[in-house]
Amino acid sequence: MAASRLPPATLTLKQFLRRQQVLLLYRRILQAIRQVPNDSDRKYLKDWAREEFKRNKSATEEDTIRMMITQGNMQLKELEKTLALAKA
């Protein structure tokens, strides 16, 4: 069997796609947080999101990452609902 020419740190296609999902989720969360009217709440939520993503940065288990993405999407939807109600 021939040795791979790729460096050991290269992501597989599945890892690359999962990474893109995580980055998109992070961007969407930050965009939603920007709509929070109160400065202190906005700062708290931004720090919280940043800390959560940093804390889980080293996760490698596929099922764990998929579960965290699902939880993040649910929390994003909840935040968006709350913001929509606050504007109404």
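Keep in mind that what you see is a predicted model, and the values were worked out from it rather than measured.

1. Section: the overall build of the chain
Okay, so step 1: Within the chain one finds 3 helices and 0 strands.
Okay, so step 2: For 88 residues, the compact-globule estimate of 2.2 N^0.38 gives 12 Å, and the chain exceeds it by more than 25% at 17 Å.
Okay, so step 3: With respect to the principal axes defined by its C-alpha atoms, the chain has extents near 65 × 20 × 15 Å.
Okay, so step 4: Summarising the internal contacts of the chain: among those between residues at least 6 apart in sequence, 70% fall at separations of at least 24.
Okay, so step 5: Accessible area of the chain: about 7400 Å², with a carbon and sulfur share of 57%.
Okay, so step 6: Here the chain holds 18 positive side-chain charges and 10 negative ones, and the gap between their average locations is 7 Å.

2. Examining the UniProt feature "domain: Complex 1 LYR protein" (unreviewed entry) in the chain
Okay, so step 1: UniProt records the feature "domain: Complex 1 LYR protein" (unreviewed entry) at residues 20-78, using the numbering of this structure.
Okay, so step 2: Its end C-alpha atoms 22 Å apart, residues 20-78 is made of 81% helix and 0% strand.

3. Describing the pattern of salt bridges
Okay, so step 1: A full pass over the atoms with the stated rule returns 7 salt bridges.
Okay, so step 2: Its salt-bridge partner being glutamate 62, residue arginine 18 comes within 2.6 Å of it at the nearest N-O pair. Of the two residues, arginine 18 is situated in helix 1 (residues 13-33) and glutamate 62 in helix 3 (residues 62-87); the sequence distance between them amounts to 44 residues.
Okay, so step 3: A salt bridge links glutamate 62 to arginine 66, with the shortest nitrogen-to-oxygen separation between them at 3.8 Å. In this pair, glutamate 62 and arginine 66 both sit in helix 3, 4 residues apart, roughly one turn of the helix.
Okay, so step 4: Under the relative-accessibility criterion, arginine 66 is labelled partly exposed at 37%.
Okay, so step 5: Overlapping salt bridges, with partners in common, bring together Arg18, Glu62, Asp63 and Arg66 in one network.

Criteria and thresholds
Residues numbered from 1 in each chain as written. Predicted model: local features only at pLDDT ≥ 70, side-chain atom pairs only at ≥ 80, totals over all residues. Heavy atoms only, no water. Helix = DSSP H or I, 4+ residues; strand = E, 2+ residues; numbered from the N terminus. Rg over C-alpha atoms; globule rule 2.2 N^0.38 Å. Contact = heavy atoms within 4.5 Å. Areas by Shrake-Rupley, 256 points an atom, 1.4 Å probe, with all protein chains shown as cover. Lys, Arg positive; Asp, Glu negative; His and termini not counted. Charge placed at Lys NZ, Arg CZ, Asp CG, Glu CD. UniProt positions renumbered as here; feature names shortened; annotations may be inferred. Salt bridge = Lys/Arg side-chain N within 4 Å of Asp/Glu carboxyl O. Buried < 20%, exposed > 50% of the residue type's maximum accessible area, 1.4 Å probe, protein only.

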